Amino acid sequence: MLMAAGSAVRRRLLPVVAGLPRVRLPIMSQQSCRAFANDSASKKDDEATTKVPIHPANANPFPTAGAHAGKPDFDLIVIGSGPAAQACAISSSRRGKRVAVIDKPGMLGGVCVNTGTIPSKTFREAVLHLTGYRHQGFYGKVYAPSDRISMEGILHRVSMVVKGEKDVMRNRFRQYGITHIYGTAQFTGEEKSVQVTSAALEIEDRKKEHAIGTPGAGLEVEPYSKPFTAEKMLVAVGTTPARRPDFEFDGVHIIDSDDLLSGSIQKVPRELIVVGAGVIGMEYASMFNVIPGSRVTVIDGRPDILTFADKEIIQSLEYEMRQKGARFLLGEEVLSARIEGDHVVADMASGKVLRGDCLLYTVGRQGNTAGLCLEKTGLEVNKRGLLTINDNYQTSVPWLYAAGDCIGFPALASTSSQQGRMAAHHMWGEEGEEANKAFGGFPYGIYTIPEISMVGYTEQQLTQQKIPYEMGVARYDELAKGQMMGGSNGMLKILFHAETLKILGVHCMGESATEIVHVGQVAMDMNLDMHFLTENVFNYPTFAESYRVAAFNGLKRLALAGYTDLSDHGAASSP
């Protein structure tokens, strides 16, 4: 019998550089770690479960706290296990460093996997499937795969995806030989040291996962509290929803986005009040807005919503949501909210009184830094619990770094991964190399229904900066792919320099918007102009073809405006 040995191919995804004002941003990385057995387990158990580590530097895959006299337990300890934490841990492990990742039981993957990006976007996909939204253009608004849409049905899909993500991460943890510690970390006041505390250990699952404090079925053993030391540390603990102190959050009638995913709401609200028209509020409002029998009211104190995005795109989103029944109360202030029986009542400063089944509060988020005892290191957080860092994601304490949502804008899973990798580069003395490359505009995705994505300048910004520009537009209902999707509503808008034809911004709304935006991102990174889009072939029929259509539309506008020097390139031609 022949035995074949395979080796895993590791791919590195390199980011792109947009031709916009340069900003330092991180790079996308894969995520993985490997857990270790609690030192309280018997030597026999350790020997039975030990596997050969990937990296020679990890010769002892089961280090014990304080086992190395005069030497730190690890080269790097990462607090948190979200995208920034994973990217930094993996990047460091690839350099042969001894790495540990600490996170609370049940929070593998951090906020991203448990209460943020993954569950919220899966929630959206479940709603789109159960409502038959994508097919109603052909079969009518009454079409739906399910006669009754329940929170249980939506959250079932969410839980399955979250479980799958965690399984993938556990496997990658092992691949990269990174120690995984379950528990709560606190800085002790001693340099380069944290105290890790866990409420309970469970023997059977600990053996299975090779981890300290892994939750699961099995016999409980005594809680533990142990110090761990490292040469470098990274704080990447994410954020949690902010709450108004005068609101009585009960998890059923007055809730935040975490409550929405917890399963505490048994029925889809017939009347949903959303306070806060930011990204999270608009995403969930648009999801419930397409569920039959659910009516949504969005309240925000600002006169306009999502002002960082292109105004025309946001106006189109508002129109689409209003067409499906959403109500927007902008420039309004909620004075109070109270629970009356099975309803919630919101009193407005304008005198209006709103009644609903549920009030979803989505105004702001708070850094998860409370409880870390960061003050013992000499660090302070701002009123939102966020940390201040330099261009290398290093705090004022040289051995302590921070990345991800807990440092503030842009607070995206994609950019957090890049930040973690950049921090690792600086930690291990690789300044000035590819690691510190200045990255341009990053794509931004808003998973409303319909979805929105953008990269680069908006029309408002170009106007303010007095940059001469023109735009090209392609509408989904003019594309063959759009017709196949039932006359799908959507558009792609390209902003480009009126003289050099360099692409300055891409804005899209509709099906696959968060996918096709990357074509524009790459074109901007390569400093290409509009002729790149007109002179290249796109698969047909696709939504990506909208780039060619929009490019011809934009160049024709220039030709009509008197830019006759473009004729040699076929600017006035149609595809």
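Model, not experiment: these values are computed from the prediction.

Here Ala277 is to be found in the loop between β11 (271-275) and α9 (279-289). Expressed as a C-alpha distance, the spacing of Ala277 and Asp304, which sit 27 residues apart in the sequence, is 8.9 Å. Those residues in contact with Ala277, other than ones at most four positions away along the chain, are Met282, Val298, Ile299, Asp300, Arg302, Ile305 and Leu306.

Between Phe409 and Pro410 the backbone carries a cis peptide bond, its omega angle lying at 5 degrees. For Pro410, the location among the structural elements is in the loop between β19 (400-402) and α11 (413-427). For the peptide bond that leads from Tyr540 to Pro541, omega is 0 degrees, which places it in the cis range. Relative to the assigned elements, Pro541 resides in the loop between α15 (530-534) and α16 (546-560). The phi dihedral of Ala411 is positive, around 55 degrees, even though this residue is not glycine. With respect to the helices and strands, Ala411 occurs in the loop between β19 and α11. The phi dihedral of Leu501 falls on the positive side, at around 70 degrees, and the residue is not glycine. Mapped onto the secondary structure, Leu501 falls in the loop between β23 (491-497) and β24 (503-509).

Once that is clear, we can look at the nonpolar core. Counting 61 residues, the largest nonpolar core has Phe123, Met282 and Phe288 as the members making the most contacts within it. Per-element tally for this core: the top contributor is helix α6 (residues 151-175), with seven residues. Not counting chain neighbours up to four residues away, the residues in contact with Phe288 comprise Phe123, Met151, Leu260, Val268, Pro269, Leu272, Ser294 and Val296. If you look at the next biggest cluster of nonpolar residues, it comprises 47 residues, including Val78, Cys88, Tyr393 and Ala403.

With that settled, the discussion passes to the pairing of strand β8 (residues 224-235). For strand β1 (residues 74-79) and β8, the ladder comprises five bridges, and the chain directions are parallel. Of the residues in β8, the one forming a bridge with Val78 is Leu234. Both strand β5 (residues 193-198) and β8 contribute to a ladder of six bridges, which runs antiparallel. Residue pairing in the sheet places Thr197 in a bridge with Ser225 of β8.

Moving on, we get to the sheet that holds strand β16 (residues 353-356). The three strands are arranged β14-β15-β16 in an open sheet whose pairing can be described as antiparallel. Edge positions in the open sheet fall to β14 (334-340) and β16, since each of these has one partner strand only. Pairs of neighbouring strands in the sheet enclose a mean axial angle of 20 degrees, with direction left out of account. The pairing of strand β15 (residues 343-348) with β16 spans four bridges and is classified as antiparallel.

Turning to helix α2 (residues 83-93), a few remarks are in order. Since the α-helix turns once every 3.6 residues, residues separated by three or four places project in the same direction. Here α2 lies mainly inside the structure; 11 of its 11 residues are buried. Along α2, the residues that are buried comprise Pro83, Ala84, Ala85, Gln86, Ala87, Cys88, Ala89, Ile90, Ser91, Ser92 and Ser93. Looking at the buried residues of α2, the elements they touch are β1, β2 (99-103), α3 (110-114), α6, β8 and α11.

What follows concerns the environment of Lys97. Along the chain, Lys97 turns up in the loop between α2 and β2. Overall, the relative accessible area of 24% leaves Lys97 in the partly exposed class. Spatially, the C-alpha atom of Lys97 lies 5.8 Å from that of Asp75, the residues being 22 residues apart in sequence.

All right, on to the sheet that holds strand β12 (residues 295-300) then. Pairing is parallel across the open sheet formed by five strands, whose spatial order is β10-β17-β11-β12-β13. With partners counted over all chains shown, the strands left at the sheet margins are β10 (254-255) and β13 (327-330), one partner each. When β11 meets strand β17 (residues 358-361), the two strands line up parallel, connected through four bridges. From the neighbouring strand, Ile273 faces β17, where its bridge partner is Leu359. With respect to the sheet, α9 is in contact with β11, β12, β13 and β17, its orientation differing from that of β12 by roughly 160 degrees.

With that settled, consider α6. The end-to-end C-alpha distance of α6 is 36 Å, a good match for the 36 Å that 25 residues give at a rise of 1.5 Å each. Along α6, the residues classified as buried are Met151, Ile154, Leu155, Val158, Val162, Lys166, Met169 and Phe173. Buried residues belonging to α6 abut α2, α3, α4 (117-131), β3 (179-182), α8 (257-262) and α9. Positive phi shows up at Gly177, right after α6, with a value of about 65 degrees.

Criteria and cut-off values
Residues numbered from 1 in each chain as written. Predicted model: local features only at pLDDT ≥ 70, side-chain atom pairs only at ≥ 80, totals over all residues. Heavy atoms only, no water. Helix = DSSP H or I, 4+ residues; strand = E, 2+ residues; numbered from the N terminus. Contact = heavy atoms within 4.5 Å. Core = buried A, V, L, I, M, F, W, Y, C linked by side-chain atoms within 4.5 Å. Buried < 20%, exposed > 50% of the residue type's maximum accessible area, 1.4 Å probe, protein only. Pairing = 2+ DSSP bridges. Axes fitted to C-alpha atoms, helices over the stretch in contact; angles between N-to-C directions. Expected span 1.5 Å × (residues − 1).

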